[in-house]
Amino acid sequence: MELPLVVGVDGSESSLRAVDWATDEAALRGVPLRLVYASLWERYEGAALVEGLDRSPEQVMADNVMEAAAQRAHRRAPEVKVTTDVLPDDAVSVLLNEAHTAAALVVGSRGRSGLTELLLGSVSLTVAGRAACPVIVLRGNRDNQARAGTHRRVVLGVGEGPHGTAATRFAFEEAEVRKAALDSVRAWRCPAYESTDDPLLAGEPARLHEQRAAEILESALSEAAAEHPIVELRRRTAEGSVRRVLLDASDDADLLVVGVRRHHGLAGLQLGRVAHTLLHHSACPVAVVPQRG
């Protein structure tokens, strides 16, 4: 049985945009769509009292939100199988539990209590930092309208070591189903202490770092490239900080994919500075792909 894409819904415009985006994604992948609502969200925020109803105000709100979200998904892609569930727990616990049986989680950049579009909501950030499956956070498009990929370009940030494997495979799969090019990017920098005053050797340290970046790219991509020969693959090395290079790359991308290590037994967020920055400032949706390490 195909694992579903799971969307956290709370009635906010941001979460409805996540429903739209995930519906399109489910149609591309040919997988079911599962919409979940954590009933404690409304309790924490203080739902308005509704008189003359047999059900609690919170239950009425939850049912209305889920019905509207399911109808929205059906209108957008009637062929996608949609299921809904209202679960009695907080949003983070619900989504982290769902992650164990999901192809990916899709969340908006902020919930109903969000103060500004420029800040990532705490639920989205926590889920991205702890989930067992890929988490796609809908950054960019500040009008809250999900749009089909217009750039036909997926960007993969290639890091060090084997923890990039899962992210690499995910990025290739996304590029293939979208019929998009995959831009793989490896940033590099030449430390100041390696520079030299000898004009004959001035460029050598930088060339060595660039060459090493190209070798890392080739090693990270070769296996997945062989498995996805139809994907147009572009390799690029860029001098600069990883965060700045990837933020610049997000400007004209449909999806930015990064891998993060998950260490067994460690509590709290396991994102790293690069992923944390991208989740707050990317111009396009960000997929955070976990890898045990």
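Everything that follows concerns the structure shown earlier in this document.
Residues numbered from 1 in each chain as written. Predicted model: local features only at pLDDT ≥ 70, side-chain atom pairs only at ≥ 80, totals over all residues. Heavy atoms only, no water.

**Q** Even after reading the chapter, I still don't get the overall build of the protein chain, so can you show me in this structure?
**A** A tally of regular secondary structure across the protein chain gives nine helices and 10 strands. Across the 293 residues of the protein chain, 47% fall into the buried class. Across the protein chain, every contact between residues at least 6 apart in sequence was considered, and the portion connecting residues at least 24 apart equals 79%. Here the protein chain displays about 14500 Å² of accessible surface, and carbon together with sulfur accounts for 50% of that area. (Helix = DSSP H or I, 4+ residues; strand = E, 2+ residues; numbered from the N terminus. Buried < 20%, exposed > 50% of the residue type's maximum accessible area, 1.4 Å probe, protein only. Contact = heavy atoms within 4.5 Å. Areas by Shrake-Rupley, 256 points an atom, 1.4 Å probe, with all protein chains shown as cover.)

**Q** Got a minute to help me understand the environment of Cys-284 in this structure?
**A** Relative to the assigned elements, Cys-284 resides in the loop between helix H9 (273–281) and strand E10 (286–292). When the C-alpha atoms of Cys-284 and Asp-254 are compared, they prove to be 6.0 Å apart, with 30 residues separating the residues in sequence.

**Q** Would you take a moment to explain the pattern of salt bridges for this structure?
**A** It is possible for side chains bearing opposite charge to pair when their charged atoms get close. Applying the stated rule across the entire model yields 18 salt bridges. With its nearest N and O atoms 2.9 Å apart, the salt bridge here joins Arg-178 to Glu-174. You can see Arg-178 and its partner Glu-174 sitting in helix H6 (residues 165–178), four residues apart, about one turn around the helix. Given the relative accessible area of 15%, Arg-178 is considered buried. (Salt bridge = Lys/Arg side-chain N within 4 Å of Asp/Glu carboxyl O.)

**Q** Just to check I follow, could you spell out unusual backbone geometry for this structure?
**A** What you tend to see is this: most non-glycine residues have negative phi, and most peptide bonds are trans. With phi around 50°, Arg-152 is a residue other than glycine that occupies positive phi space. On the basis of relative accessible area, Arg-152 is assigned to the partly exposed category, the value being 47%.

**Q** Before we go on, may I ask you to explain the nonpolar core in this structure?
**A** If you look at soluble globular proteins, the nonpolar side chains tend to sit buried side by side. With 44 residues, the main nonpolar core has Val-7, Leu-33, Ile-136 and Val-257 as its most contacted residues. Examining the composition of this core, we find that six residues originate from one element, helix H1 (residues 13–29), more than from any other. For Ile-136, the residues in contact, after removing those within four places along its chain, are Trp-21, Ala-104, Leu-105, Val-106, Val-107, Phe-170, Leu-255, Pro-285, Val-286 and Ala-287. Judged by nonpolar contacts, the second largest core, of 39 residues, contains Val-6, Ala-38, Val-94 and Ala-102. (Core = buried A, V, L, I, M, F, W, Y, C linked by side-chain atoms within 4.5 Å.)

**Q** How should I be thinking about the pairing of strand E4 (residues 104–108) in this particular structure?
**A** Along a regular strand, successive side chains alternate from one face of the sheet to the other. Among the five residues that make up E4, five are buried, leaving the element largely enclosed by the rest of the structure. Taking every second residue as pointing to the same face, both faces of E4 are buried, with Ala-104, Val-106 and Gly-108 on one and Leu-105 and Val-107 on the other. Bridge count for strand E1 (residues 5–8) against E4 is three bridges, and the pairing is parallel. Considered in E4, the bridge of Val-6 is made with Leu-105. (Pairing = 2+ DSSP bridges.)

**Q** Sorry if this is basic, but what is going on with the packing of helix H8 (residues 242–249) against H9 here?
**A** Interaxial distance between H8 and H9 falls to 10 Å at its minimum, and their mutual angle equals 35°. In the packing of H8 onto H9, the handedness of the crossing is right-handed. Across the interface between the two elements, Val-242, Arg-243, Leu-246 and Leu-247 from H8 touch Arg-273, Val-274, Thr-277, Leu-278 and His-281 from H9. Taken together, the residues that form the contact of H8 with H9 break down as five nonpolar, two polar and two charged. (Axes fitted to C-alpha atoms, helices over the stretch in contact; angles between N-to-C directions. Left-handed = near helix turned anticlockwise from the far one by under 90°. Nonpolar A, V, L, I, M, F, W, Y, C, P; charged D, E, K, R; others polar.)

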